[in-house]
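# Fold and contact review
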Amino acid sequence: MGVSESGLSGVVAELVGALGVERVITDRQRRRTYECDGLAAYRVIPGVVVLARDADDIAAAVRACARHGVPFVARGSGTGLSGGALPHAEGVLVVMSQMRAIREADVANQRAVVEPGVINLHLTAATSPDGYYFAPDPSSQSVCSIGGNVAENSGGAHCLKYGFTTNHVTGVDLVTPGGELVEIGGKAPDPPGYDLLGALVGSEGTLGIVTAATVRLTRLPQEVRTLLAAFRTMDDAGAATSAIIAAGVVPAAIEMMDALAIEAAEAAVHCGYPAGAGAVLVVELDGPAADVAGEFDDVVRLCEAAGAFEVRVAADDDERALIWKGRKSAFAAVGRISPDYIVQDGVIPRTALPLVLRQIAELGESAGVRVANVFHAGDGNLHPLVLFDGAVEGAVDRAEAVAGGILDLCLEHGGSITGEHGVGADKAKHMPRMFTADDLDTMQAVRCAFDPDGISNPGKVFPTPRLCGERPGRHQGAHPLTESGVAEVF
Ligand SMILES: Cc1cc2nc3c(=O)[nH]c(=O)nc-3n(C[C@H](O)[C@H](O)[C@H](O)COP(=O)(O)OP(=O)(O)OC[C@H]3O[C@@H](n4cnc5c(N)ncnc54)[C@H](O)[C@@H]3O)c2cc1C
């Protein structure tokens, strides 16, 4: 559906009438605050911003958009790294940051009902005095919202053992792109009918706006033990990772950093990682104290057998925090050793880690580009940081070529173009490298069932806008939108 300027002004007039001027931001300077998410390379000033207080505000905004054929985009905390919350210049940005109530924390039944803007870590802070927490833990957990976690199916260091957000949500309230308020899933663990919740988690705001979520709470473990193992090479650290998993141990986390990432973290937060390490592993075990003690000894032995020259065991919470501080600060710390960098996100089978890491290094060397690696080794979820100086002629292009080459490697090895940061605006063009046209058409058919007019976060996830009136199926010849110059096929 085409968007006209009068469409947007019609929406603004309706929204000001329904919500009041203070919730509808039209001032250009104030709209500019929302021009990007965590992927600041892409910027678009939204047509108008709505600060939602409740589900009725969201429904009013979406209904007005539906009536006028105007696109809308949901925004949680704006920490996404793939441009998922990138606004539409002629559309409405619906902001969740004022919907931060934990409506119910039912620890006896291990669940909570939260509004979408609730900050991930706030739910853990609210429930940990009773012995519970919210397990999905993105590194952005102190700022990202649970609505954003649901939309991105976010993971984190501990999803090796505890799974991604999808394993911790049993229901959502959703405003569909037509403006209906519906309940998908619920408090029961396995409702009958199609698993629409499965389709919704990770749909990146393309199927509507989540206005509340029912999430699982996890019992705090009796014991947590953390170690730092230092190796001369990435190969040795990769071999230790495989040996730990092969031994049947399921750590809560296995994180790996290479020499460049260690150098950056050391310079930024002085985490005291062993000198001369070519790679470090952070391994965390949790669970009943007796189990953790036995498995911990196994992990130490396996790390040493794989060539660890130092294994440092955290003696208390302070030492544990220092080990994690190095890992968690690594992304930001890279800013100290390079003016610019691209955070890539791809997945490979864990067994391919040593080979792919070598291939990434070769790719960087042949392009004259430095790549730092800091990632979730246990899941095979890579986050190579491709360093460049934007002021140097041609540096951006070289860095982007290396970042794209890394995704090729992930696909060659049977992996994925994104592990946890989502497709968004950034990787939509890569989707056909992973999926056939028929695969994408099937996804598009689901999307069109929710959003026949294509107004819910358009331009994200799917490589080309496809009209919902069209029957799903492979297109013969040039797409009409390509021919008319409206859309590009990647
Ligand atoms: C330093 C840093 C570290 C990070 N570490 C991790 C990590 O370890 N693991 C990981 O998975 N991610 C990580 N991320 C990415 C990001 O934090 C997550 O994707 C997070 O879930 C986004 O939440 P948000 O509230 O900021 O969402 P936003 O960025 O605001 O939005 C993300 C997407 O969700 C949609 N959306 C938001 N709210 C709703 C809603 N209520 N209904 C429907 N759609 C909605 C938006 O339209 C957009 O498509 C990191 C980001 C940063 C900056």
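Everything numeric here is computed off the predicted structure, so don't read it as measured data. (Residues numbered from 1 in each chain as written. Predicted model: local features only at pLDDT ≥ 70, side-chain atom pairs only at ≥ 80, totals over all residues. Heavy atoms only, no water.)

So, on to the sheet that holds strand β3 (residues 72-75). Taken together, the four strands give an open sheet; going across it, the order is β1-β2-β4-β3, and neighbouring strands pair in mixed fashion. This sheet does not close on itself; its edge strands, each paired only once, are β1 (24-25) and β3. Pairing geometry for β1 and strand β2 (residues 48-51), over two bridges, is antiparallel. Considered in β2, the bridge of Val24 is made with Val50. Those strands touched by helix α3 (residues 55-68) are β2, β3 and β4 (92-95), and its axis lies near 170° from that of β4. (Pairing = 2+ DSSP bridges. Helix = DSSP H or I, 4+ residues; strand = E, 2+ residues; numbered from the N terminus. Contact = heavy atoms within 4.5 Å. Axes fitted to C-alpha atoms, helices over the stretch in contact; angles between N-to-C directions.)

This paragraph deals with unusual backbone geometry. Located in the positive-phi region is Gln110, a residue other than glycine, with phi close to 55°. With respect to the helices and strands, the residue Gln110 is situated in the loop between β5 (102-106) and β6 (111-114). A positive phi angle, close to 70°, is found at Val461, a residue other than glycine. Mapping Val461 onto the fold places it in the loop between α16 (437-450) and α17 (480-483).

So, on to α16. Under the 1.5 Å per step criterion, the end-to-end length of α16 is 20 Å for 14 residues, consistent within 8% with the ideal 20 Å. Here α16 has its buried residues at Leu440, Asp441, Gln444, Arg447, Cys448 and Phe450. When α16 is viewed along its axis, its buried side chains cluster within an angular range of 165° and face the same direction. Those residues of α16 that are exposed and aimed more than 90 degrees away from the buried face are Thr442 and Ala449. (Expected span 1.5 Å × (residues − 1). Buried < 20%, exposed > 50% of the residue type's maximum accessible area, 1.4 Å probe, protein only. Arc of directions from axis to C-beta.)

Below, the discussion takes up helix α4 (residues 120-127). If you check which residues of α4 are buried, you get Asn120, Leu123, Thr124 and Thr127. Relative to the axis of α4, the buried residues are bounded by an arc of 95° and lie together on one face. Here the buried face of α4 lies against β5, β6, β7 (132-133), α5 (146-152) and β10 (209-216).

Another aspect to go through is the UniProt feature "domain: FAD-binding PCMH-type" (unreviewed entry) in the chain. Taken from the UniProt record, the annotation "domain: FAD-binding PCMH-type" (unreviewed entry) applies to residues 42-220. Taken end to end, residues 42-220 is 21% helix and 25% strand, and its first and last C-alpha atoms sit 39 Å apart. (UniProt positions renumbered as here; feature names shortened; annotations may be inferred.)

The next point concerns the side chain of Thr206. Turning to its location among the elements, Thr206 is positioned in the loop between α7 (196-200) and β10. Classification of Thr206 by relative accessible area gives buried; the value is 4%. Filtering out sequence-adjacent residues up to four positions away, Thr206 remains in contact with Arg447, Asp451, Ser456, Asn457, Lys460 and Val461.

A few words on the site of the ligand. Taken together, 33 residues surround the ligand, and among them Ala74, Thr79, Ser140, Ser145 and Ser154 come closest. The backbone of Gly155 places a nitrogen or oxygen atom 3.0 Å from an oxygen atom of the ligand. Residue Asn457 places a side-chain N or O atom 3.5 Å away from an oxygen atom belonging to the ligand. Burial of the ligand by the surrounding chains reaches 92%, relative to a free accessible area of 970 Å². With five residues, α5 is the largest single contributor of residues to the shell around the ligand. Considering only residue class, the shell around the ligand consists of 10 nonpolar, 19 polar and four charged. Each of domain 1 (5-95) and domain 2 (102-219) accounts for three or more of the residues forming the shell around the ligand. (Near = heavy atom within 4 Å. Polar contact = N/O pair within 3.5 Å; in protein donor to acceptor, adjacent residues only side chain to side chain. Areas by Shrake-Rupley, 256 points an atom, 1.4 Å probe, with all protein chains shown as cover. Nonpolar A, V, L, I, M, F, W, Y, C, P; charged D, E, K, R; others polar. Domains from an automatic or database assignment.)

So, on to the packing of helix α13 (residues 353-367) against helix α14 (residues 395-412). Viewed as axis vectors pointing N to C, α13 and α14 meet at an angle of 155°, and their least axial separation amounts to 10 Å. Judged by the inter-axis angle, α13 sits roughly antiparallel to α14. When the axes of α13 and α14 are compared, the crossing they make is right-handed. Where α13 abuts α14, its residues Val356, Gln359, Ile360, Leu363, Gly364 and Ala367 lie against Arg398, Val402, Gly405, Ile406 and Leu409. Classifying every residue of the contact of α13 with α14 by side-chain character gives seven nonpolar, three polar and one charged. (Parallel < 35°, antiparallel > 145°, perpendicular 65-115°, else oblique. Left-handed = near helix turned anticlockwise from the far one by under 90°.)

The next point concerns the sheet that holds strand β9 (residues 181-185). Overall, antiparallel pairing links the five strands, which are arranged β5-β6-β10-β8-β9 in an open sheet. The open sheet is flanked by β5 and β9, the only strands paired with a single partner. In this sheet, neighbouring strand axes are inclined to one another by 10° on average, regardless of whether the strands run parallel or antiparallel. With five bridges joining them, strand β8 (residues 169-175) and β9 adopt antiparallel strand pairing. Among the inter-strand pairings, Gly171 is bridged to a residue of β9, identified as Gly185. Packing of α4 onto the sheet brings it into contact with β5, β6 and β10, and relative to β5 it is tilted by some 45°.

It is possible for side chains bearing opposite charge to pair when their charged atoms get close. Taken as a whole and judged by the stated rule, the model has 15 salt bridges. In this structure, the salt-bridge partner of Arg103 is Glu115, at a minimum N-O distance of 3.6 Å. Taken together, the positions of Arg103 in strand β5 and Glu115 in the loop between β6 and α4 put the pair 12 residues apart, joining distant regions of the chain. Looking at Glu115, the relative accessible area reads 12%, which means it is buried. Of the charged contacts, one joins Asp298 and Arg301 as a salt bridge, the two residues approaching to 3.3 Å between their closest N and O atoms. In this pair, Asp298 and Arg301 are both assigned in helix α10 (residues 289-305), three residues apart and thus about one turn of the helix distant. On the basis of relative accessible area, Arg301 is assigned to the partly exposed category, the value being 49%. (Salt bridge = Lys/Arg side-chain N within 4 Å of Asp/Glu carboxyl O.)

What follows deals with the nonpolar core. The biggest cluster of nonpolar side chains holds 44 residues, and the ones touching the most others in it are Phe231 and Leu382. For this core, the element with the most residues is α14, which contributes seven residues. Setting aside chain neighbours within four positions, we find Leu382 in contact with Gln344, Asp345, Gly346, Ile348, Leu353, Val356, Leu357, Ile360, Phe375 and Cys410. By size, the runner-up hydrophobic cluster in this structure holds 27 residues, among which are Ile262, Ala264, Tyr273 and Ile323. (Core = buried A, V, L, I, M, F, W, Y, C linked by side-chain atoms within 4.5 Å.)

With that settled, consider the pairing of strand β14 (residues 279-287). Burial within β14 is extensive, with nine of its nine residues counted as buried. Of the two faces of β14, the one lined by Ala279, Leu281, Val283, Leu285 and Gly287 and the one lined by Val280, Val282, Glu284 and Asp286 are each fully buried. Where strand β12 (residues 223-231) lies against β14, nine bridges are found, and the strand directions are antiparallel. Bridge pairing in β14 places Phe231 opposite Ala279. Bridge count between strand β13 (residues 253-258) and β14: six bridges; the pairing is antiparallel. Within β14, the residue paired with Glu255 across the bridge is Val282.

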